[in-house]
Amino acid sequence: MRLAAEVRVVLTWDEALRRVVRRTPVMPQRRVPLESAAGFVLAEPVVARHDSPPFDTSAVDGFAVYGEDVAAASKTHPVRLRLAGTAPAGEPAGKRLRRGTAVKILTGGCVPRGAEAIVMQEDCREEKETVIVRRSAGLGDHIRPRGGEFRKGQTVLPPGLPITPPVAGLLATCGYASVRVFEKPAVTIVVTGDELMPPSRRLRPGKIHDANTFALAAAVQMIGIQAVHTMRSADQPARLKYCLSEALGRSDVLLTVGGMSVGDHDHVRGVLDELGVREDFWRIAVKPGKPVYFGRWLRKTRTAGLRRNRDGLVFGLPGNPVSALVCFHQLVKPALWKLMGRRPPVPTTLGARLVGERRKSPGRLEWVRGVLSCTNGVLRVQPTSGQDSHMLSGLAQANCLIRFPADASHLAENADVLVELLSWSE
């Protein structure tokens, strides 16, 4: 086969990630109603359509007063003011406040013109048509001034932010009933292997249950992409070519699992080449996940009646479940975020002290699954048991990945190490 005769450079992990992010396009944009926008990424800046708050508003239940009227008020020397009305939430400001009077006001109520402070209800007592104030108030106390958060025309949020609950609330605050977002990619996962059986069936001799289909589908869904299609293929070139051709036709991103090494049944790379996928790289100096693949093909789509061409992405992941998931988390997910219009988040990296020691051969970066904890203000990280690439139990317990540098062969007890927090939703 042509590919087998080629000499391929094994990339460093960091260079592979830079290539993936640099060569990943951004999805088209569309407008969605606000109630359906959660999980999308903003494609436009959010500009305030009015001041926030839109008027001077009360932060508490209490009484609106002139500052000078209550400047000397205390429990021992209370001040009596005439009650001149009530300002409930949702009503416009009433008449201008006069000296020697107070207006009862509820949280969110519009502060009457002329009022300089709010005295909390707990510090007052109503008596018939008066209110007795037992605490002084400074100018502006408990008043949220108009425009105190932002002014009309101000850019409140930049594009590229995912629409989280507070972002959705802020969009509503600014008066957005709909918002322009980046579309989400359609993802297909093709898992290969004659030995695989679905978990609903009892194992036969020589077979194992397919974990990768469910693990990777969950990983894609955890970042808000629901259009995930899964397929299984036997290790036969004809069947594989049919499955991969179908997947390329329906997907913006294709994830293949298994069949990417150099064994007699590893046909995925050759079939992708036959189908016109342009290989960008194959193999990275990393553990787990050395035989990872990245390629692109010209994806022809139709949007708003127009034919559009853009690159689709193909990631060939190793067949061992831990390798597949770690490569997804560290390499595929940044590409999916960029496709969705989000700048790939910078991983949260912390320094910690290693519990125990680790050894490896130099030459490859190793991601060691670990549990990060804090004792007496000191961060410590314990590698999980079960570090082999087929042992999902260690990854299931991990909350971080320990970076074991490529040129290092030994990490001693209490060595200072760098860890990246492991979050499947970020």
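1. A word on the overall build of the protein
Within the protein, the regular secondary structure consists of 7 helices and 29 strands. The C-alpha atoms of the protein give 31 Å as radius of gyration, which overshoots the globular expectation for 426 residues (22 Å, by more than 25%). Seen along its three principal axes, the alpha-carbon backbone of the protein occupies a region of about 95 × 60 × 40 Å. The buried share of the protein, reckoned over its 426 residues, is 46%. Within the protein, contacts between residues at least 6 apart in sequence are counted, and of these 70% link residues at least 24 apart.

2. With respect to the sheet that holds strand S10 (residues 130-133)
Reading across from one edge, S8-S5-S7-S6-S10-S9 is the order of the 6 strands in this open sheet, with mixed pairing throughout. Each of the sheet's edge strands pairs with one partner strand only, and the pair in question is strand S8 (117-120) and strand S9 (124-127). Strand-to-strand twist in this sheet, taken as the mean axis angle between neighbours without regard to direction, amounts to 40°. Strand direction decides the pairing type here: strand S6 (residues 79-87) and strand S7 (residues 101-105), joined by 4 bridges, are parallel. Opposite Leu83, over in S7, you have Ala102 as the bridge partner.

3. A look at unusual backbone geometry
With the exception of glycine, the majority of residues adopt a negative phi angle, and the majority of peptide bonds are in the trans configuration. The amide bond that connects Ser52 to the next residue, Pro53, takes the cis arrangement and shows omega of -5°. In this chain, Lys287 is followed by Pro288 through a cis amide linkage whose omega measures -5°. Relative to the elements of secondary structure, Pro288 occurs in the loop between strand S20 (286-287) and strand S21 (293-303). Within the chain, Arg283 stands out as a residue other than glycine whose phi angle is a positive 90°.

4. Section: the packing of aromatic side chains
This structure, assessed with the given rule, holds 3 aromatic pairs. When the centroid spacing of 5.1 Å and the interplanar angle of 35° are considered together, the rings of Phe294 and Phe315 count as tilted. Here Phe294, found in strand S21, pairs with Phe315, found in strand S22 (residues 306-317); they are 21 residues apart in sequence, far enough to count as distant. Each member of the pair, Phe294 together with Phe315, is buried. Connected via pairs of aromatic rings, a cluster forms that spans Phe281, Phe294 and Phe315. The side chain of Arg283 reaches across the aromatic face of Trp282, ending 4.8 Å from its centre.

5. Things to note about the sheet that holds strand S1 (residues 29-33)
Pairing within the open sheet is antiparallel, and its 3 strands lie in the order S1-S13-S2. In the strand order of this sheet, the two ends are held by S1 and strand S2 (41-42), each with one partner. Across 2 bridges, the pairing between S2 and strand S13 (residues 178-182) is antiparallel. By the bridge assignment, Val41 is partnered in S13 with Phe182.

The rules behind these values
- Residues numbered from 1 in each chain as written.
- Predicted model: local features only at pLDDT ≥ 70, side-chain atom pairs only at ≥ 80, totals over all residues.
- Heavy atoms only, no water.
- Helix = DSSP H or I, 4+ residues; strand = E, 2+ residues; numbered from the N terminus.
- Rg over C-alpha atoms; globule rule 2.2 N^0.38 Å.
- Buried < 20%, exposed > 50% of the residue type's maximum accessible area, 1.4 Å probe, protein only.
- Contact = heavy atoms within 4.5 Å.
- Pairing = 2+ DSSP bridges.
- Axes fitted to C-alpha atoms, helices over the stretch in contact; angles between N-to-C directions.
- Phe/Tyr/Trp six-rings, centres within 6.5 Å; stacked < 30°, edge-to-face > 60°.
- Lys NZ or Arg CZ within 6 Å of the ring centre and 35° of its normal.

Any functional reading would require information beyond the geometric quantities listed.
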